[in-house]
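Examining the three-dimensional arrangement
Next come the chains, spelled out residue by residue.
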Amino acid sequence: MDLTRRQTLAFSLSLAGAAGAVGASTVLTLPGQAAHAAEPTVADDPFEPWLARAEQQLTGGPFDSADPDFAAALSALDAQATAWLRALDTSSGRVALWSDLSPASSPDKFGQSYPRLRTIALASATPGTSLTARADVLDTLITSLRFLHTVGYHPNRTESGNWWFWEIGSPRALMDTCVLLRAHLPAEDLTAYLATVARFVPNPDRRTNIPTLAETGANRADKALIVALRGLLARDGSVVALARDGLSDVRDGGRNSLFAQVTSGDGFYADGSFVQHGYVAYTGTYGSVLLGGAGLLIALLAGSTWAVTDPRVDVLYEAVDRSFAPVLFDGLMMDAVRGRAVSRERARDHQDGATTMSHIVQLAAGAPEPYASRWRSAARGWIERNRETPYVGLVGIPALARAKALLADPEVRPAERLTGHHVFADMDRVVHRRPGWALALSLSSRRIAAYEAGNGENLRGWYTGDGMAYLYDGDDLDAFADAFWPTVDPYRLPGTTVDTRPRADIGTGSGTGTFRPANTVAGGAALGGRFGAAAMELVADGSSLRASKAWFFLDNAVVALGAGITASDGRTVETIVENRNLHADGVPDLRVDGRRQPREQGWSAVLAGAGWAHLEGVGGYVFPDHPGQEATSVMRALREERTGSWRALNIGADTGGSTTPVTRRYATLWFDHGVSPTAASYAYVLLPGASAVATGVWHHSRPVRVLANDDTAQAIEARRDGLLAAHFWQPGSVTGLASSGPGTILVRRHRGGVSVSVADPGRTAETLTVELPCSVRRVVRADDSVTVVPGRRPVLTVAVGGSRGHSHTAELS
């Protein structure tokens, strides 16, 4: 497997952790390996036991050779390492180790060469490959490392290009390789490599090429691990201690500690958000790297004099439940929190999900109860439910061994899918989870970027943060993994309202580029972990387009409203209801008001007056009447085949996609608001997993009513649930529910009384006064921020100031 950049790091981390034999078959062991690992004692060499542990974290130790999954993983490693070895240039006049990575003096070229050498070294150190313990392979590795040191990565060079290759990518792969080869590396070679790493990664605390910049989040975790390996290889305990202290940021009094929840900038937030690069939602990549790196270092140093003893390590444990579990669906990582990584052909949602799962299972090995048992059950559920892209084919031998042990343990029962409503206010994301499906909503504001691009990645991510709605269905786990990004129309992402102006690819220069819109409103409120409402004020990039968008989340439905859709640029504006990947040859039925539509590719139609639609294998779509409804917005439908390439999205030096054309079919539903609309609107209901019959029944029974859809408020009533939900854009009243200013409000009447949730996703008010449309006699429970005056028209005063858009709740009777 050809692994690049963060993937190479993630691959090493996925190999982390000790693995034991899981069967009675022959256990493969490298000749001399057991003696090499066991002979040194602390008295002989206090560092060797921990280096042996680091080696075992990479190779996995003994494993069951007869198990087909282990055999497949071993074969994949062997094949890739052998391919790299055969292609390696050993000539005397070479300027690179591989012709496609020439010249080796370039940082992006040596930065990709070290991971290839690590793969070869890993195959050499792993029992059962064709390269195991071969003297010629060891000699080739040693001379190749010398070559890269001479022409590329050495202490006398000045950083150029992407800093990541100098300070994380290359040193991590180099240190891993030195751990694997330490019994064979000449002392002078090891000294030279350690000096190089010390030059570019002297500590985990600072960016070497910008000494005033403190490292945060995943970058700090990466560097801490690099420094620890350097310290162990150099036999310098003070350096190992420096790595451990870097996790807690001892240098700066814990300001950038990985074990502290943050309220701004990079890191984990109390609501489960994870941010990297200052304002990008990044749980699925950088967050995962942090979890894996910190967890690996904790495991590596456990029991040593440098063991991690920070009492705040529970923050890392809590993050598994708060940050990662809600965005993992049957083992895949939701694209809404993967940033520019969605454009990486070799790191799709299943790969990033598998990497994160391996980190969680690894962390469970040393975590206290009840964390450990809960995580193992969750992991077993994720693994067993994903049959489309099995976990066992995505991870290396150590992670595979842990998974095998977990699946064989009768005490570990698979957890059901997580359900609930999650508002990640600090990263402008909303996730609604039901037993058979989930929907992730990607918002943006002046606080959180609409997209991130840079280093040649994510060139067409223009609208991914404009309210894109990712619908995950347990019956089709490949909707976004199966070449979605290179083939989908990037102007028609589900959930978005867009100006159809032609867009240029986002800048392709070195570094990271982001766009943060000018709006303040992005987020919403959750009620009882079951219901939710969200809103976003759309201020389009490079266009006069403005719109008020809202979503309401119920047990079996998501209601989407749009109002005030206005633009003056002379271009068509569209709102995309659905743009579903039907894969290479899908021809599911599309029914409109019960009538089957043509299946031919290229078919399109205007669905004038349509009340509902149904897409086989996905679910239903209902188009309810709503206040302010106007005739200028026309529903359209399209079936099409689209061809693209990953290269068109990503030309990164080490993550760039292939130019091979890929073709997928799509079914698209959208509202055409016309050219330069004024105060256009829309309303639609998603019924994930519903049958055509159920969709028609839902449409005719009208269990949800749209109460308002204008520039004052957007509101619905779900009578069966006793729910009234609204987002107010300004002071106003809807069916007796009144708000003194902008805010999101949910009120649910039930047998036990009345439940209320209030949030200010715009973060502009200090207090909100809310008048309820039902009588209340007493307060059962209320957050400290909520004051209630009971009565026939009870009034809640909610101190929303400083709460960063989070929900404030009360239970009344």
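Scroll up a little and you will see the structure.
Below is a summary of the structure that appears in this document. Remember, predicted model here, so these are calculated numbers, not experimental data.

Quick word on the pattern of salt bridges
The final tally for this structure, using the stated rule, is 50 salt bridges. Across the pair Arg134 and Asp136 runs a salt bridge whose closest N-O atoms are separated by 2.8 Å. Looking at Arg134, the relative accessible area reads 31%, which means it is partly exposed. Using a relative accessible area of 41% as the deciding quantity, one classes Asp136 as partly exposed. Counted as one network, the salt bridges with shared partners bring together Asp45, Glu48, Glu55, Arg182 and Arg235.

Here's the deal with the packing of aromatic side chains
Under the definition given, this model contains 31 aromatic pairs. Judged by centre distance (6.2 Å) and plane angle (65°), the ring pair of Trp462 and Tyr463 falls under edge-to-face. Tyr463 carries the same exposure label as Trp462, and that label is buried. Centroid distance Trp462 to Tyr491: 5.1 Å. Interplanar angle 40°. Geometry classified as tilted. Residue Trp462 is located in the loop between β11 (451-454) and β12 (468-473), and its partner Tyr491 is located in the loop between α16 (484-487) and β13 (497-499); the two are separated by 29 residues in the primary sequence. Look at Trp462 and you get buried, because its relative accessible area is 5%. An aromatic cluster is defined as three or more aromatic residues linked by ring pairs; in this entry it consists of Phe329, Tyr470, Tyr472, Phe480, Phe484, Trp485 and Tyr666.

What to know about the pairing of strand β18 (residues 558-566)
For β18, a buried count of seven out of nine residues is recorded, marking the element as mostly surrounded by other parts of the structure. Both strand β17 (residues 546-553) and β18 contribute to a ladder of seven bridges, which runs antiparallel. If you follow Arg546 over to β18, its bridge partner there is Thr566. Hairpin connection, β17 to β18: the antiparallel pair is bridged by four residues. One ladder, built from six bridges, connects β18 with strand β27 (residues 680-688); its direction is antiparallel. Its bridge partner lying in β27, Gly562 is registered against Tyr682.

Focus on the sheet that holds strand β21 (residues 595-596)
Spatial ordering of the open sheet is given by β15-β16-β17-β18-β27-β24-β23-β20-β21, a layout of nine strands whose pairing is antiparallel. On the outer flanks of this sheet lie β15 (522-527) and β21, each paired with one strand and no other. Summarising the sheet, β15 and strand β16 (residues 531-539) pair through six bridges and their orientation is antiparallel. For Leu527, the partnering residue across the bridge sits in β16 and is Phe531. Each of β20 (590-592), β23 (612-615), β24 (619-622) and β27 touches helix α17 (residues 692-701); the most contacted strand, β23, lies at about 160° to it.

Structural notes on the packing of helix α9 (residues 217-234) against helix α10 (residues 237-248)
Where α9 contacts α10, the two axes come as close as 7 Å, and the packing angle between them is 165°. Between α9 and α10, the crossing angle belongs to the class labelled roughly antiparallel. Every pair of crossing elements has a handedness; the one defined by α9 and α10 is left-handed. Mapping the contact onto sequence places Arg220, Ala224, Val227, Ala228, Arg230, Gly231 and Leu232 in α9 and Val239, Val240, Leu242, Ala243, Gly246 and Leu247 in α10. When the residues that make up the contact of α9 with α10 are grouped by side-chain class, the tally is nine nonpolar, two polar and two charged.

Things to note about unusual backbone geometry
Peptide bonds are, in most cases, trans, and in most cases residues other than glycine have a negative phi. Here the bond from Ser102 into Pro103 is cis, since omega is 0°, no more than 30 degrees from zero. Within the secondary structure, Pro103 sits in the loop between α4 (68-87) and α5 (107-125). A cis amide bond links Glu369 with the next residue in sequence, Pro370, at an omega value of 5°. Along the chain, the position of Pro370 falls in the loop between α13 (349-364) and α14 (371-385). The residue Thr735 is not glycine, and still its phi comes out positive at about 50°. According to the relative accessible area criterion, Thr735 is exposed, its value standing at 52%.

Reading the values: rules and limits
Residues numbered from 1 in each chain as written. Predicted model: local features only at pLDDT ≥ 70, side-chain atom pairs only at ≥ 80, totals over all residues. Heavy atoms only, no water. Salt bridge = Lys/Arg side-chain N within 4 Å of Asp/Glu carboxyl O. Buried < 20%, exposed > 50% of the residue type's maximum accessible area, 1.4 Å probe, protein only. Phe/Tyr/Trp six-rings, centres within 6.5 Å; stacked < 30°, edge-to-face > 60°. Helix = DSSP H or I, 4+ residues; strand = E, 2+ residues; numbered from the N terminus. Pairing = 2+ DSSP bridges. Contact = heavy atoms within 4.5 Å. Axes fitted to C-alpha atoms, helices over the stretch in contact; angles between N-to-C directions. Parallel < 35°, antiparallel > 145°, perpendicular 65-115°, else oblique. Left-handed = near helix turned anticlockwise from the far one by under 90°. Nonpolar A, V, L, I, M, F, W, Y, C, P; charged D, E, K, R; others polar.

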